[in-house]
Amino acid sequence: MTRRYAEVIGDPIAQSKSPAIHNFWLGKLGIDAEYRACHVRPDELADYLAARRADPDWRGCNVTMPHKQAVMPQLDRIDPPADAIGAVNTILPLGDGRLAGTNTDAAGFLEPLAKDLARTHYFRMARILGTGGAARAIIAALAGQGFTLVVAGRDPAKAHALLDELAPKGEHHAIDLAHFADATDFPFDDREGCCDLVINASSLGMTGQSPLTFDWSHAPPGAVAYDIVTAPLDTTFLQEARAKGHRTIDGLSMLIGQAAVAFAKFFGQPAPRQHDAELREILTQ
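Residues numbered from 1 in each chain as written. Predicted model: local features only at pLDDT ≥ 70, side-chain atom pairs only at ≥ 80, totals over all residues. Heavy atoms only, no water.

Colleague: Just checking my understanding: could you explain the packing of helix 1 (residues 18–29) against helix 10 (residues 276–283) for this structure?
Modeller: Two quantities define a packed helix pair, namely the angle between the helix axes and the distance between the axes. Interhelical geometry of helix 1 versus helix 10 gives an angle of 140° and a closest axis separation of 10 Å. Judged on the interaxial angle alone, helix 10 and helix 1 are oblique. In this structure, helix 1 meets helix 10 at a crossing whose hand is right-handed. Contacts between helix 1 and helix 10 pair Ala20, Ile21, Phe24, Trp25 and Lys28 from the former with Glu278, Leu279, Ile282 and Leu283 from the latter. Class assignment of the residues belonging to the contact of helix 1 with helix 10 gives a composition of seven nonpolar, no polar and two charged. (Axes fitted to C-alpha atoms, helices over the stretch in contact; angles between N-to-C directions. Helix = DSSP H or I, 4+ residues; strand = E, 2+ residues; numbered from the N terminus. Parallel < 35°, antiparallel > 145°, perpendicular 65-115°, else oblique. Left-handed = near helix turned anticlockwise from the far one by under 90°. Contact = heavy atoms within 4.5 Å. Nonpolar A, V, L, I, M, F, W, Y, C, P; charged D, E, K, R; others polar.)

This is the structure we're talking about:
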């Protein structure tokens, strides 16, 4: 007897926490299915999709680096918000061998900010560090929430191109990531009634990657620090933010949030989020 399954694909993939998250939820709900990790190299992507198109037990997959954009031309349909973001992180079977791509990163990113975004602010600003696939979703999500964006990358031209593509309206700014490395004596005005975010949307600071250098004199009082990196979970970026009195949001928040959206699409039931504390314990062991 065959078993329904979903999976995550990427290169590399061994570090992914997605199998632990989805299998935890499947167990809590008593669903007879499983979630796997599948190592797919760029030159194997077409063969992978061809095989899954013909597999009746396959319920879809999540897509991680480096495939979020490369996979798009190979799909039959691109659904919102992936079409606007220009990146796919979830693929779903449509039947008859057809595949649709969507994106749950934006919803996952915004989830831990829900209480902040429910308030009325006279100004919202986000400093986004990074210009990769995750940054695309974050730029699109925050532009839709009325934020003025400062996107910083090692290639400012790429940051500028992302803003032109994803957030053409509004007075946004693209700068060199190195701008934030040195201290500033900029006198921030009164930020009461404002919503300020500083987001590491890059892999900098991740285990095995180069460190992220950010001087917290660039963040106004009351700014929220948000790091999408999950290994390590408590990054130097977040530690230094807390030392300066900033509230912090770690990478598991976005990861679990986006996984919950995908889980419902894969398995037809909402993720049992009442067990988030137990799930976090498992993921941080």
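Once you've had a look at it, read on.
Colleague: Just checking my understanding: could you explain the nonpolar core for this structure?
Modeller: Across soluble globular proteins, nonpolar side chains have a tendency to be buried as a group. Phe109, Ile128, Ile139, Leu142, Leu149, Leu197 and Ile199 are the most contacted members of the largest nonpolar core, which totals 34 residues. Residue assignment for this core shows that the elements contributing at least two residues are helix 4 (105–110), strand 7 (123–129), helix 6 (133–143), strand 8 (148–153), helix 7 (156–166), strand 10 (194–200) and strand 11 (224–227). In terms of residue count, helix 6 provides more of this core than any other element does, eight residues in total. Leave out the neighbours within four places in its chain, and Leu197 touches Leu113, Met125, Ala126, Arg127, Leu142, Phe147 and Val224. Core analysis: the next-biggest nonpolar cluster, separate from the first, contains 24 residues, Leu233, Ile256, Ala259 and Ala260 among them. (Core = buried A, V, L, I, M, F, W, Y, C linked by side-chain atoms within 4.5 Å. Buried < 20%, exposed > 50% of the residue type's maximum accessible area, 1.4 Å probe, protein only.)

Colleague: What exactly am I supposed to notice about the sheet that holds strand 7 here?
Modeller: Hydrogen bonds between backbone atoms are what pair the strands of a sheet, whose relative direction is either parallel or antiparallel. Ordered in space as 9-8-7-10-11-12, the six strands form an open sheet in which the pairing is parallel. Edge positions in the sheet fall to strand 9 (173–176) and strand 12 (247–249), since each of these pairs with one other strand and no more. Strand after strand, the sheet turns through a mean of 20° between neighbouring axes, direction not considered. Alignment of strand 11 against strand 12, held across three bridges, turns out to be parallel. (Pairing = 2+ DSSP bridges.)

Colleague: Is there a simple way to think about the packing of helix 1 against helix 9 (residues 251–267) in this case?
Modeller: At a minimum axis distance of 10 Å, the contact between helix 1 and helix 9 shows a crossing angle of 55°. Between helix 1 and helix 9, the interaxial angle falls into the category oblique. When you trace helix 1 past helix 9, the crossing you get is right-handed. Across from Ser18, Ile21, His22, Trp25, Leu26 and Leu29 in helix 1, the residues of helix 9 making contact are Leu255, Ile256, Ala259, Ala260, Ala262, Phe263, Phe266 and Phe267. Of the residues assigned to the contact of helix 1 with helix 9, the class counts are twelve nonpolar, two polar and no charged.

Colleague: Honestly, the packing of aromatic side chains in this entry has me stumped. Any pointers?
Modeller: Each aromatic ring pair is summarised here by two numbers: the centre-to-centre distance and the angle between the ring planes. The full count for this structure, using the stated rule, is ten aromatic pairs. Measuring from centroid to centroid gives 5.5 Å for Trp25 and Phe263, while their planes differ by 75°, and the two rings are edge-to-face. Placement of Trp25 in helix 1 and of Phe263 in helix 9 is noted, with a sequence separation of 238 residues between them. The same class applies to Trp25 and to Phe263, which are both buried. Pairing Phe266 with Phe267 gives two aromatic rings, centres 6.0 Å apart and planes at 75°, and the pair type is edge-to-face. The cationic tip of Arg36 hangs over the ring face of Tyr5; the distance from NZ or CZ to the ring centre is 3.8 Å. (Phe/Tyr/Trp six-rings, centres within 6.5 Å; stacked < 30°, edge-to-face > 60°. Lys NZ or Arg CZ within 6 Å of the ring centre and 35° of its normal.)

Colleague: Would you mind going over the sheet that holds strand 2 (residues 33–39) with me for this structure?
Modeller: Taken together, the six strands give an open sheet; going across it, the order is 2-1-3-5-6-4, and neighbouring strands pair in mixed fashion. In the strand order of this sheet, the two ends are held by strand 2 and strand 4 (77–78), each with one partner. Summarising the sheet, strand 3 (residues 58–63) and strand 5 (residues 90–95) pair through two bridges and their orientation is antiparallel. Looking at the pairing, Asn62 lines up with Thr90 of strand 5. Those strands touched by helix 1 are strand 1 (4–10), strand 2 and strand 3, and its axis lies near 175° from that of strand 2.

Colleague: Just checking my understanding: could you explain the pattern of salt bridges for this structure?
Modeller: Opposite charge on two side chains makes pairing possible when the charged atoms of those side chains draw close. Following the criterion strictly, the structure yields 17 salt bridges and no others. With a shortest N-O distance of 2.8 Å, Asp105 and Lys68 are connected by a salt bridge. Taken together, the residues span a long stretch of sequence, with Asp105 in helix 4 and Lys68 in the loop between strand 3 and strand 4 at a distance of 37 residues. Among the residues examined, Asp105 registers a relative accessible area of 5% and is labelled buried. Linking Asp234 and Arg242 is a salt bridge whose minimum nitrogen-to-oxygen distance equals 2.8 Å. A residue is classified by how much of its surface remains accessible, and Asp234, at 35% relative accessible area, is partly exposed. With relative accessibility at 39%, the residue Arg242 sits in the partly exposed group. (Salt bridge = Lys/Arg side-chain N within 4 Å of Asp/Glu carboxyl O.)

Colleague: Explain helix 7 here, please?
Modeller: Since the α-helix turns once every 3.6 residues, residues separated by three or four places project in the same direction. Taken together, the buried positions of helix 7 are Ala159, Leu162, Leu163 and Leu166. Along the long axis of helix 7, the arc covered by the buried residues comes to 95°, so they all point the same way. Next to the buried residues of helix 7 lie helix 3 (82–85), helix 6, strand 8 and strand 9. The backbone nitrogen of Ala157 has a side-chain oxygen 3.1 Å away, supplied by the residue at the start of helix 7, namely Asp155. (Arc of directions from axis to C-beta. Polar contact = N/O pair within 3.5 Å; in protein donor to acceptor, adjacent residues only side chain to side chain.)

Everything listed here is a matter of geometry and, on its own, says nothing about what the molecule does.
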